[in-house]
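Residues per chain are reported as follows:
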Amino acid sequence: MAKELVINPQRCIGCTTCALTCSITYGEDFNLNRAFVQILKDDRKGLFSIAFSSACKGCKKCAEVCPSGALRTIEVADKPKEGQ
Ligand code: SF4
Ligand code: SF4
């Protein structure tokens, strides 16, 4: 089974645990500016948005630590290889 990232920004509480985890995984410190996922707050709506950079490795560690379910993984069936 493969894992797929599911994103639900409406559940995001803005804790930035995802971005901090990403930055310490791929960098040398906890640094929100170096994370491959950014959490942005829309002050007018009071909602957060979740944006992944093109440098994201797709490891899904950010989803493993998200406490709210805004980022989570689901198991999906492996795609059949060509010719099968
Ligand atoms: S999937 Fe991995 S590389 Fe991409 S933002 Fe999440 S922790 Fe960072
Ligand atoms: S996506 Fe999850 S871990 Fe990231 S800021 Fe939102 S609630 Fe926190």
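Described in the following lines is the structure provided in the data block. (Residues numbered from 1 in each chain as written. Chains lettered and ligands numbered in written order. Predicted model: local features only at pLDDT ≥ 70, side-chain atom pairs only at ≥ 80, totals over all residues.)

Okay, the site of ligand 2 next. Residues in close proximity to ligand 2 total 14 residues, the closest being Cys12, Cys15, Cys18, Cys66 and Ala70. The set of elements that each furnish at least two residues to the shell around ligand 2 consists of α1 (17-26) and β3 (47-52). Looking at the shell around ligand 2 residue by residue, the class counts come to ten nonpolar, four polar and no charged. (Near = placed C-beta within 6 Å. Helix = DSSP H or I, 4+ residues; strand = E, 2+ residues; numbered from the N terminus. Nonpolar A, V, L, I, M, F, W, Y, C, P; charged D, E, K, R; others polar.)

Across soluble globular proteins, nonpolar side chains have a tendency to be buried as a group. In terms of nonpolar packing, the biggest core is built from 13 residues, with Cys18, Ala19, Cys22, Val37, Cys62, Cys66 and Leu71 touching the most fellow members. Broken down by secondary-structure element, the contributors of at least two residues to this core are α1, β2 (37-42) and α2 (61-65). If we skip the residues at most four places from it in the chain, cysteine 66 touches Thr17, Cys18, Leu71 and Arg72. (Core = buried A, V, L, I, M, F, W, Y, C linked by C-beta atoms within 7 Å. Buried ≥ 20, exposed ≤ 12 C-beta atoms within 10 Å, placed from the backbone. Contact = placed C-beta atoms within 7 Å.)

On to unusual backbone geometry. Peptide bonds are mostly trans, and most non-glycine residues show a negative phi. Its identity as a non-glycine residue notwithstanding, threonine 16 has a phi of 65 degrees, on the positive side. Examined against the element boundaries, threonine 16 turns out to sit in the loop between β1 (2-7) and α1. Of note in this structure, lysine 60 is not a glycine but carries a positive phi near 70 degrees. Taking the C-beta count within 10 Å as the criterion, lysine 60 has 14 such neighbours and is therefore assigned partly exposed.

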